[in-house]
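Coordinate analysis (summary)
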Amino acid sequence: MLASEKLRSVAAPDSKNLTIQVFSFSFHQEPPADDTGHGGGFIFDARSLSNPGREERFRDLTGKDAPVIEYLVQQDSVRQFLANATALVDASVSSYQDRGFKSLMVSFGCTGGKHRSVYMAEQLAEHLRGRNGVEVVVRHLGLEKLGK
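I will try to describe carefully the structure that is included in this document. (Residues numbered from 1 in each chain as written. Predicted model: local features only at pLDDT ≥ 70, side-chain atom pairs only at ≥ 80, totals over all residues. Heavy atoms only, no water.)

Inspection of the entire model under this criterion finds six salt bridges. Here Arg-47 ties to Asp-45 by a salt bridge, and the two come within 2.7 Å at their closest N and O atoms. The partner of Arg-139 in a salt bridge is Glu-144, with the nearest N and O atoms 2.6 Å apart. Classification of Arg-139 as partly exposed rests on a relative accessible area of 37%. (Salt bridge = Lys/Arg side-chain N within 4 Å of Asp/Glu carboxyl O. Buried < 20%, exposed > 50% of the residue type's maximum accessible area, 1.4 Å probe, protein only.)

So this is what it looks like as structure tokens:
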């Protein structure tokens, strides 16, 4: 299959952009697999942050829902965690672009993969989408397992 001219002809042309895959996941599951062969990139552990999933009012919600976002945004520790992760990723993105790299993975894990990690992944993705020469792909592995 790898040598097939037909398959190569339908493949997307090489992009000059850096593709950044941003994942959320549960530490009860495997971390996201690196399908690029580059070793997996960053994995940030959000379990040190207050867990909205422990509160009944947030149990059926996710890190994409306004009440969970409001809960997380109010906490200094969450804002600081996100700022630190964003600064690290921003520095790497600049370096990767300068060096002509084509892919970077950034993953956020938490206990259930529904609240904190989803919120962090969404916020980082939104930030990165504002950069030139970057394509952002977001996947929420915990939510995918739940059919959300």
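Moving on from the coordinates now.
The four strands are arranged β2-β3-β1-β4 in an open sheet whose pairing can be described as parallel. A single partner strand is all that each edge strand has here, and the edge strands are β2 (42-45) and β4 (134-140). Across this sheet, the average inter-strand angle for adjacent strands is 15 degrees, counted without regard to direction. Note: β2 against strand β3 (residues 103-110), four bridges, orientation parallel. (Pairing = 2+ DSSP bridges. Helix = DSSP H or I, 4+ residues; strand = E, 2+ residues; numbered from the N terminus. Axes fitted to C-alpha atoms, helices over the stretch in contact; angles between N-to-C directions.)

On to the packing of aromatic side chains. Throughout the structure, instances matching the rule amount to five aromatic pairs. Note on Phe-58 and Tyr-71: the rings are 4.9 Å apart at their centroids and 55 degrees apart in plane angle, and the pair reads as tilted. Placement of Phe-58 in the loop between β2 and α2 (66-73) and of Tyr-71 in helix α2 is noted, with a sequence separation of 13 residues between them. Grouping residues by exposure puts Phe-58 and Tyr-71 together as buried. Members of the aromatic cluster, joined through ring pairs, are Phe-42, Phe-44 and Phe-108. Between Arg-47 and the ring centre of Phe-27, over which it is positioned, the NZ or CZ distance is 3.8 Å. (Phe/Tyr/Trp six-rings, centres within 6.5 Å; stacked < 30°, edge-to-face > 60°. Lys NZ or Arg CZ within 6 Å of the ring centre and 35° of its normal.)

Here we come to the side chain of Ser-117. Note on placement: Ser-117 falls in helix α4 (residues 116-128). Owing to a relative accessible area of 0%, Ser-117 belongs among the buried residues under this scheme.

With that settled, consider the nonpolar core. With 28 residues, the main nonpolar core has Ile-20 and Phe-108 as its most contacted residues. Mapped by element, the contributors of at least two residues to this core are β1 (18-26), α2, α3 (76-98), β3, α4 and β4. Look past the residues within four positions of Phe-108 in its chain and what remains in contact with it is Val-22, Phe-23, Ser-24, Phe-25, Phe-44, Phe-81, Ala-85, Ser-117, Met-120, Ala-121 and Leu-124. (Core = buried A, V, L, I, M, F, W, Y, C linked by side-chain atoms within 4.5 Å. Contact = heavy atoms within 4.5 Å.)

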